[in-house]
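Survey of secondary and tertiary structure
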Amino acid sequence: HYFESKDALVEQVLRTFGVGGIGNSPDFAVPERIEDMPAALAAIVHLLYDHTDWPLFVRVLFNVSLETTKFEGLLHEMFAKTSDQLMRMAVAHYVETGQISESEGAYLARLIINAIGLALIEERLLFAHQPRHPWMADYSAFVARFAAAGVAQLAASRGEGGARGASEPHSTDSKTKG
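Treat the numbers as computed from the prediction; the structure is a model and nothing was measured.

1. Brief notes about the overall build of the protein chain
Of regular secondary structure, the protein chain possesses seven helices and zero strands. Taken from N to C terminus, the helices and strands of the protein chain fall in the order α-α-α-α-α-α-α. Sequence-distant contacts in the protein chain: of pairs separated by 6 or more residues, those separated by 24 or more amount to 70%. Taken as a whole, the protein chain presents about 11,200 Å² of accessible surface, with 57% of it coming from carbon and sulfur.

Dropping the structure here:
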């Protein structure tokens, strides 16, 4: 392929291999219960880092974002906006079945992905030539268990209704005030 400029090539790489790009959208069965979602999401994060070109793309992403502000708008759209939408899509089943509010579900997905993803970025990108973290599998399992326990605690604090009747964070609804 011919590109008119280096910038055109970079933009094509970002759009092709970014969030939801080629090979970076694993199919997975959505667990029925939200308490089972953290382990499934942790497995997806590992799948991306272990079996796709995602780590290489993240390296390109960091290099591009550090070298120039030229692609800042595109990167913000792709990652800040798109990842929020993807997080909400990932928890849609749980929102629809009243297991969690949409905002809390998106925060939960972000918590799991960021906690494990940051450790994988450190291990695979920042210190790629060092031995892998011997604690990574245990850490990922802990993140998933901790998130599942948090979800169970949220549900218990609300009673059997799950997300129903829960106010969204930063709610200004006067009905929820004492």
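So, next bit.
2. Examining the confidence of the model for the protein chain
In the predicted model, the protein chain carries a mean pLDDT of 81, and the fraction of residues at 70 or more is 79%. Per-element mean pLDDT across the protein chain ranges from 70 in helix α1 (residues 6-17) up to 95 in helix α5 (residues 92-96). Between residues 164-178, whose pLDDT stays under 50, and residues either more than four places distant or in other chains, the model counts 12 contacts.

3. Points about the side chain of E104
Summarising the element assignment, E104 is placed in helix α6 (residues 102-126). Polar side-chain contacts of E104 include one of 2.4 Å to the side chain of R158.

4. A few points about the packing of aromatic side chains
In this description, an aromatic ring pair is defined by two values, namely the gap between the centres and the angle between the planes. Enumeration according to the criterion identifies two aromatic pairs in this entry. Ring geometry for W135 versus Y139: centroids 5.7 Å apart, planes at 85°, classification edge-to-face.

5. Re the nonpolar core
Judged by nonpolar contacts, the single largest core of 37 residues is most densely connected at M37, L108 and I112. Looking at which element gives the most residues to this core, the answer is α6, with nine residues. In contact with M37, not counting residues within four places along its chain, are P31, V91, Y94, L108 and I112.

6. Things to note about the environment of F57
With respect to the helices and strands, F57 occurs in helix α3 (residues 54-67). Overall, F57 belongs to the buried group, its relative accessible area being 4%. Measuring from C-alpha to C-alpha, the distance between F57 and V13 comes to 8.5 Å, with 44 residues separating the pair along the chain.

7. Notes on the packing of helix α2 (residues 37-51) against helix α7 (residues 136-158)
Across the interface, α2 lies against α7 with an axial gap of 8 Å and an inter-helix angle of 145°. Where α2 crosses over α7, the handedness of that crossing is right-handed. Each of P38, A39, A42 and H46 in α2 lies in contact with α7, whose residues at this interface are M136, S140, A144, A147 and A148. For the contact of α2 with α7, a count of residues per class yields seven nonpolar, two polar and no charged.

Conventions and cut-offs
- Numbering of residues begins from 1 in every chain and follows the order in which that chain's sequence is written.
- In keeping with the predicted nature of the model, local features appear solely for residues at pLDDT of at least 70, side-chain atom pairs appear and are counted solely at 80 or more, and the whole-chain, interface and lining totals rest on all residues.
- Note that water and hydrogens are dropped before the side-chain values are worked out from all heavy atoms of the structure.
- Note on conventions: DSSP H or I runs of at least 4 residues are helices, E runs of at least 2 residues are strands, and numbering of each starts at the N terminus.
- By definition in these notes, contact holds between two residues if any of their heavy atoms fall within 4.5 Å.
- Here the Shrake-Rupley method, with its probe set to 1.4 Å, supplies the accessible areas, and only the displayed protein chains count as covering residues.
- The score called pLDDT rates the predictor's confidence residue by residue, from a low of 0 to a high of 100.
- For the purposes of these results, a polar contact is taken to be a pair of N or O atoms within 3.5 Å, where, inside protein, one atom must be able to donate a hydrogen and its partner to accept one; residues adjacent in sequence count only when each atom of the pair is a side-chain atom.
- Pairs were defined over the aromatic rings of Phe, Tyr and Trp, the Trp ring being its six-membered one, requiring ring centres within 6.5 Å. Orientation was assigned from the angle between planes: stacked under 30 degrees, edge-to-face over 60, tilted for the rest.
- Grouping buried Ala, Val, Leu, Ile, Met, Phe, Trp, Tyr and Cys residues that are joined through side-chain atoms within 4.5 Å yields what is termed a nonpolar core.
- Between buried and exposed lies partly exposed: a residue is buried under 20% and exposed over 50% of the maximum accessible area for its type, with that area taken using a 1.4 Å probe on protein chains only.
- Axis definition: a line fitted to C-alpha atoms, over the contacting stretch in the case of helices. Angles run 0 to 180 degrees between N-to-C directions.
- The hand of a helix crossing depends on one turn: near helix anticlockwise from the far one by less than a right angle means left-handed, and clockwise means right-handed.
- Gly is placed with the polar residues, together with every amino acid not listed as nonpolar (Ala, Val, Leu, Ile, Met, Phe, Trp, Tyr, Cys and Pro) or charged (Asp, Glu, Lys and Arg).

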